[in-house]
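# Residue-level structure breakdown
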Amino acid sequence: ERLEDIEDLTRPVKTVERAVPIDWTDYNGHMNEARYLQAFGDATDRLMHIIGCTPDYIASGASYFTAETHIGHIDEVHAGAKIRVETQVLLGAGKKLHLFHTMYEGERVLATGEHMLIHVSLETRKASDPTLEVADPLARLASAHADLPRPDGAGAAISVR
């Protein structure tokens, strides 16, 4: 799927849709915390592909590295649950890609994942601007998402209450 294949750019992008396998659950009978990151990592990878950061682009020597992640565990997820992740671009300019993923089962919010990625040169392993083949689609999507409400929890840190 490419950006052109998305029907409505003004809505968060569906980046994951799958059933939770039994081996994703832990001793408490719900999804292991590492699998939340896997699901959100898959969502990030899908969004990167949609904006043109494809295997060919990466083979040419550039990609995004994740610099920071914050996961909010909101409700339990059990084996067999049909989950989907919707992704909102909070910032997509220059070297920075700031994503907010929301995981659902039906309309029930299960978890959120906020991720800051930095575009890098794979040769130097240093931050670099993406080429236009990624920068342009990302700018289009970021612009389309600019009027969406800021998600609850975006920018939050762990707090003690």
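Scroll up a little and you will see the structure.
Residues numbered from 1 in each chain as written. Predicted model: local features only at pLDDT ≥ 70, side-chain atom pairs only at ≥ 80, totals over all residues. Heavy atoms only, no water.

### Some details on the pairing of strand β4 (residues 96-105)
β4 sits mainly inside the fold: eight of its 10 residues count as buried. Pairing of strand β3 (residues 82-93) with β4, which is carried by 10 bridges, proceeds in the antiparallel orientation. For V85, the partnering residue across the bridge sits in β4 and is M103. The pairing of β4 with strand β5 (residues 108-121) spans 10 bridges and is classified as antiparallel. Across the sheet, residue F100 finds its bridge partner in β5, namely E114. Linking β4 to β5, which pair antiparallel, is a turn of two residues; within it G106 sits at a positive phi near 65°. (Buried < 20%, exposed > 50% of the residue type's maximum accessible area, 1.4 Å probe, protein only. Helix = DSSP H or I, 4+ residues; strand = E, 2+ residues; numbered from the N terminus. Pairing = 2+ DSSP bridges.)

### Brief notes about the packing of aromatic side chains
The final tally for this structure, using the stated rule, is zero aromatic pairs. Looking at R84, its charged tip hangs above the ring of Y104, at a distance of 4.4 Å from the centre. (Phe/Tyr/Trp six-rings, centres within 6.5 Å; stacked < 30°, edge-to-face > 60°. Lys NZ or Arg CZ within 6 Å of the ring centre and 35° of its normal.)

### Examining unusual backbone geometry
Of note, R125 is a non-glycine position whose phi angle comes to about 60°, a positive value. As for its position among the elements, R125 is in the loop between β5 and β6 (126-127).

### Side note on the side chain of T15
Mapping T15 onto the fold places it in strand β1 (residues 13-19). Taking relative accessible area as the criterion, T15 reaches 8% and is therefore assigned buried. One polar contact links T15 to T87, side chain to side chain, over a distance of 2.7 Å. T15 has contacts with A43, R46, L47, V85, E86, T87 and H101, leaving out every residue within four places of it along the chain. (Polar contact = N/O pair within 3.5 Å; in protein donor to acceptor, adjacent residues only side chain to side chain. Contact = heavy atoms within 4.5 Å.)

### A look at helix α3 (residues 132-145)
In a regular helix each residue adds 1.5 Å, so 14 residues correspond to 20 Å; α3 covers 19 Å between its end C-alpha atoms and thus fits that length. Taken together, the buried positions of α3 are occupied by V134, P137, L138, L141, A142, A144 and H145. For α3, the buried positions fall inside an angular range of 160° around the axis, keeping them on one side. Turned more than 90 degrees from where α3 packs its buried face, L132 and S143 sit exposed. (Expected span 1.5 Å × (residues − 1). Arc of directions from axis to C-beta.)

### Some thoughts on the nonpolar core
A general trend in soluble globular proteins is that nonpolar side chains are found buried together. In this structure, L47, I51, Y64, V89, L97 and L141 are the most contacted members of the largest nonpolar core, which totals 21 residues. Looking at this core, the elements with two or more residues in it are α1 (33-50), β2 (62-73), β4 and α3. Per element, the largest residue contribution to this core is five residues, and it comes from α3. Beyond its immediate stretch of four places on either side in the chain, V89 contacts L47, L97, H98, L99, L138, L141, A142 and H145. (Core = buried A, V, L, I, M, F, W, Y, C linked by side-chain atoms within 4.5 Å.)

### What about the environment of T69?
Looking at the element boundaries, T69 is found in strand β2. In this structure T69 touches L37, E114 and H115, once residues within four positions along its chain are discounted. There is a polar contact of 3.2 Å between the side chain of T69 and the side chain of H115.

### Re the environment of M116
Relative to the elements of secondary structure, M116 occurs in strand β5. A relative accessible area of 22% places M116 in the partly exposed class. In sequence terms M116 and T10 are 106 residues apart; their C-alpha atoms lie 21 Å from each other. Each residue touching M116, except ones within four places of it in the same chain, is listed here: F65, T66, A67, E68, K96, L97 and H98.

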